[in-house]
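# Close look at the chain arrangement
In case you want the letters, here they are:
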Amino acid sequence: MPYSHRALPLLGAALILAGCAGSPEPRGPAPEPLKVDPEPQVVEGPMSYAPEAELKRSEVVLAALGHLDTPYRYGGTDANGLDCSALVQRAYREAGQDVPRTTGEQAAAAVQRDGDPSPGDVVFFAINGNQIDHVGVYVGEGRFVHAPSSRGQVRIEELDNPYWAPRTRFAGHFFD
């Protein structure tokens, strides 16, 4: 009896399922379970941090980024407007760390870093002469967030920008 054209798809599906129903091919011994060290090892060195410090740094970065687009206001310390040092103070405070209020006080209190900044560090600038008069929070990948008076809102900039690069003085932090 010849197959009808409606039965062919059912026959094909049955053959495919029969092929899948066969026993699996042997694969060798089961792999060893992963061994997990219950205590993470912290390697000491100039660029290593305890996990708690890394968390604090991330909190500072996220807090600073949370203020993006906040209007700039000289002397401002709240959501209605921030100046550069208030942005730094708020970002660190939101991460549980108290820092001084003004740029000059922050520059004096910061633990200076040798080499490139790490996320959560503060970067200090001299805009008018050689005196430190501006500060921002380094967020990584050559960028920092700050509250500039020009264009009037908290934003992200590149450190190697032709305006900022020659005005950069040092990076530091307020972590223990």
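These lines cover the structure that appears in this document, whether it is placed above or below. All values reported here derive from a predicted model rather than from experimental measurement. (Residues numbered from 1 in each chain as written. Predicted model: local features only at pLDDT ≥ 70, side-chain atom pairs only at ≥ 80, totals over all residues. Heavy atoms only, no water.)

Along the chain, glutamine 106 falls in helix H4 (residues 103-109). A relative accessible area of 0% means that glutamine 106 is categorised as buried. In terms of polar contacts, glutamine 106 uses its side chain to reach the backbone carbonyl oxygen of serine 85, at 3.0 Å. Look past the residues within four positions of glutamine 106 in its chain and what remains in contact with it is Ser85, Val88, Gln89, Val99, Pro100, Arg101, Phe124, Val135 and Phe174. (Helix = DSSP H or I, 4+ residues; strand = E, 2+ residues; numbered from the N terminus. Buried < 20%, exposed > 50% of the residue type's maximum accessible area, 1.4 Å probe, protein only. Polar contact = N/O pair within 3.5 Å; in protein donor to acceptor, adjacent residues only side chain to side chain. Contact = heavy atoms within 4.5 Å.)

On to the side chain of glutamate 157. Looking at where glutamate 157 falls in the secondary structure, it is placed in strand E7 (residues 155-158). The buried category is assigned to glutamate 157, whose relative accessible area is 10%. Within the structure, glutamate 157 has its side chain in polar contact with the side chain of histidine 146 (distance 3.4 Å). In terms of polar contacts, glutamate 157 uses its side chain to reach the side chain of arginine 155, at 2.8 Å. Setting aside residues no more than four positions away along its own chain, glutamate 157 makes contact with Gly142, Arg143, Phe144, His146, Arg151 and Trp164.

Before going further, it helps to examine the sheet that holds strand E5 (residues 134-140). Overall, antiparallel pairing links the six strands, which are arranged E3-E8-E4-E5-E6-E7 in an open sheet. The sheet terminates laterally at strand E3 (111-112) and E7, the two strands that pair on one side only. Both strand E6 (residues 143-146) and E7 contribute to a ladder of four bridges, which runs antiparallel. Bridge assignment links valine 145 to a residue of E7, and that residue is isoleucine 156. (Pairing = 2+ DSSP bridges.)

Further remarks concern the pairing of E6. As defined by bridge partners, E5 adjoins E6 across four bridges and the pair is classed as antiparallel. Of the residues in E6, the one forming a bridge with tyrosine 138 is phenylalanine 144. What sits between the antiparallel neighbours E5 and E6 is a turn of two residues, in which glutamate 141 has the positive phi angle 55°.

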